[in-house]
Amino acid sequence: MASTETRRHGGAPVSLDVAAEMLRAGRIVAFPTETVYGLGALATDGQAVARVFEAKGRPSFNPLIVHVCDQEAARALAVFDADAEALAARFWPGPLTLVLPLREGHGLSPLVTAGLDTVGLRVPAAPIARDLLKRVGAPIAAPSANLSGRLSPTRAAHVAEGVGPRIDGWVDGGVCAVGLESTILRTQPLALLREGGVTAEEIEAVLGRPLPRDLTPGRVQAPGQLSSHYAPGLPVRLDVTEPSADAVLVGFGPVAGDLTLSASGDLREAAAALFDTLHQAELRARALGRGRIDVAPIPERGLGRAIADRLRRAAAPRP
Ligand code: TXA
Ligand code: MG
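Worth saying up front: this structure is predicted, and the values here are computed from it rather than measured.

Visitor: I would appreciate a short explanation of the pairing of strand β10 (residues 190-194) in the present structure.
Guide: It is a general feature of regular strands that their side chains alternate between the two faces of the sheet. Sheet topology places strand β9 (residues 183-187) next to β10; four bridges connect them, and they run antiparallel. Bridge assignment links R186 to a residue of β10, and that residue is A191. Here β9 folds back onto β10, and the loop between the two strands holds two residues.

Structural data, given as structure tokens:
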């Protein structure tokens, strides 16, 4: 059937040059950022953006993050207040997404913003992402390059196994350095919408005041706020300190486990390893005939809060 034909593209690894050409031509291509791999489409091309939703199986009411190569490109799309200026100056390029009021004449497809009058913008730091944005010369909408509700990809192999057959290609840039999605912050009114690669403490230090949090599950403002999200294919149990015969144990610090997020208890190392370790734990559990993934306690400070947030969603009852 023609509809099956258009849905299965059988993506393959492509060079940066080819990826840029494909994106400019309206194709959808995954690429590495310092947080996770994103599934990119030209943000001005509604049909390309629609294919991203389709490939992910994502509900179309969720807006996508728009990636730009620098602050100037960001200013062409959105209006910056003093807080946004200060945060962009301090954290861009890097793992912070700012939700800002759209500027008139922005040219983005309304599908990208899900019809909202704000846009989530980010200048990524990973050299491949920056190079790609420069070559394309236009904003790229990119959600994480995973099937909706599943673990975010931090290696090209995760992309290949997940959305791979449904997209046009991907750029292999090795392992993502941060390993957690970007922090999402709205400035008007100011609120933290998703914990991520930049900690709340770092943001508060720049703003000079406490950060209201708007992470209320139920009032879904970002898919990362759905209670079950970032889920591996097996049940997950948290705060486990002892190995058990029916589970693979993911350790941290003093809890050794079958695998570990960081033997030395380093939160940055644990963040970078989180999604890949959960992928590996699932493979290991299936190979050993174990039905569950157990995870050691993670201290909820700094990056530990974003890690604990992702783990709670991985452990939440599935819809
Ligand atoms: O690190 C990241 O942020 C990765 C890489 C690829 O950049 N991207 C990512 O995208 O995690 P995604 O689509 O999985 O999550 C983007 C989040 C969504 O939860 C979406 O609802 C929120 O950003 N978002 C985007 N625009 C928004 C807006 N105008 N208002 C509120 N939330 C918005
Ligand atoms: Mg995602």
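Now that the structure is up, let's keep going.
Visitor: Explanation requested: the packing of helix α5 (residues 82-91) against helix α8 (residues 200-207) in the structure shown.
Guide: Packed helix pairs are characterised by how far apart their axes lie and by the angle those axes make with each other. α8 packs onto α5 with a crossing angle of 125° between their chain directions and a minimal axis gap of 10 Å. By the angle class used here, α5 and α8 are oblique. Crossing handedness for the pair α5 and α8: right-handed. From α5, D83, A86, L87 and R90 reach across to α8, where they touch I203, V206 and L207.

Visitor: Can you walk me through the sheet that holds strand β7 (residues 140-141) in this structure?
Guide: The strands that make up a sheet pair up through hydrogen bonds in the backbone, lying either parallel or antiparallel. The sheet built from ten strands is open, its strands ordered β1-β8-β2-β3-β7-β4-β6-β5-β9-β10 with mixed pairing. Strand pairing shows two members of the sheet lacking a second neighbour, β1 (12-13) and β10, which therefore form its edges. Pairing of strand β4 (residues 65-67) with β7 involves two bridges; the strand directions are antiparallel. Residue pairing across strands places H67 opposite I140, the latter belonging to β7. Sheet contacts for helix α6 (residues 127-136): β2 (29-32), β4 and β7; angle to β2, the most-contacted strand, approximately 135°.

Visitor: Looking at this model, I keep getting lost on the domain arrangement of the protein. Mind explaining?
Guide: Many analyses report the size of an interface as the accessible area lost when the parts associate. We note that the domain assignment places domain 1 (2-225) and domain 2 (236-315) within the protein. Computed over C-alpha atoms only, the centres of domain 1 and domain 2 are separated by 26 Å. Opposite the 13 residues of domain 1 that make contact, domain 2 presents 15 residues. A breakdown of the residues in the side of domain 1 that touches domain 2 according to their chemical character gives four nonpolar, six polar and three charged.

Visitor: Mind showing me how you'd approach unusual backbone geometry here?
Guide: Glycine aside, negative phi is the norm for most residues, and most peptide bonds take the trans geometry. Following W92, the chain continues to P93 via a peptide bond in cis, the omega torsion being -10°. Tracing the backbone through its elements, the reader meets P93 in the loop between α5 and β5 (96-101). Between Q188 and the following residue, P189, the backbone shows a cis peptide bond with an omega angle of -10°. Even without a glycine there, the phi angle at D239 is positive, about 60°. The topology assignment puts D239 in the loop between β11 (236-237) and β12 (247-251). Given 13 C-beta atoms within a 10 Å radius, D239 is considered partly exposed.

Visitor: Quick question: what am I supposed to make of the sheet that holds β11 here?
Guide: Spatially, four strands are ordered β11-β14-β12-β13 in an open sheet, and the strand pairing comes out parallel. Two strands lie at the open edges of the sheet, namely β11 and β13 (259-260), each paired on one side alone. Summarising the sheet, β11 and strand β14 (residues 292-295) pair through two bridges and their orientation is parallel. When the bridges of β14 are listed, V236 appears paired with I293. Seen against the sheet, helix α9 (residues 267-288) touches β12, β13 and β14 and runs at an angle of roughly 155° to β12.

Visitor: Would you mind going over α5 with me for this structure?
Guide: Because each turn of an α-helix spans 3.6 residues, side chains separated by three or four positions end up pointing in the same direction. Among the residues of α5, A84, L87, A88 and F91 are the ones counted as buried. Looking straight down α5, one finds its buried side chains confined to an arc of 100°; they lie on one side. Looking at α5, the residues exposed on the side facing more than 90 degrees away from the buried face are A82 and A89. As for α5, its buried residues are in contact with α4 (71-75), β5, β9 and α8.

Thresholds applied
Within any chain, residue numbers begin from 1 and follow the written order of that chain's sequence. The lettering of chains begins at A and the numbering of ligands begins at 1, in the order of writing. Under the rules for a predicted model, residues below a pLDDT of 70 receive no local features and side-chain atom pairs below 80 are neither given nor counted, while totals for whole chains, interfaces and linings still include all residues. One requirement defines pairing of two strands: DSSP has to find at least two bridges between them. By the criteria applied, helices consist of DSSP H or I runs no shorter than four residues and strands consist of E runs no shorter than two, each listed in order from the N terminus. Fitted lines through C-alpha atoms serve as axes, helices being fitted only where they are in contact, and the angles separating the N-to-C directions of these axes extend from 0 to 180 degrees. When an angle is under 35 degrees it counts as roughly parallel; over 145 it counts as roughly antiparallel; between 65 and 115 it counts as roughly perpendicular; any other value is oblique. What makes a crossing left-handed is the near helix being turned counterclockwise from the far one by less than a right angle; a clockwise turn instead makes it right-handed. Residue pairs are scored as contacts if the distance between their C-beta atoms, which are placed from the backbone, is within 7 Å. Reported domain spans reflect what an automatic or database domain assignment gives. Side-chain classes follow a simple rule in which Ala, Val, Leu, Ile, Met, Phe, Trp, Tyr, Cys and Pro form the nonpolar group, Asp, Glu, Lys and Arg form the charged group, and the remainder, Gly included, forms the polar group. The burial criterion counts other C-beta atoms lying within 10 Å of a residue's C-beta, which is placed from the backbone; the residue is buried at 20 or more, exposed at 12 or fewer, and partly exposed between these limits. Relevant arc is that of directions from the helix axis to the C-beta atoms, nothing else.

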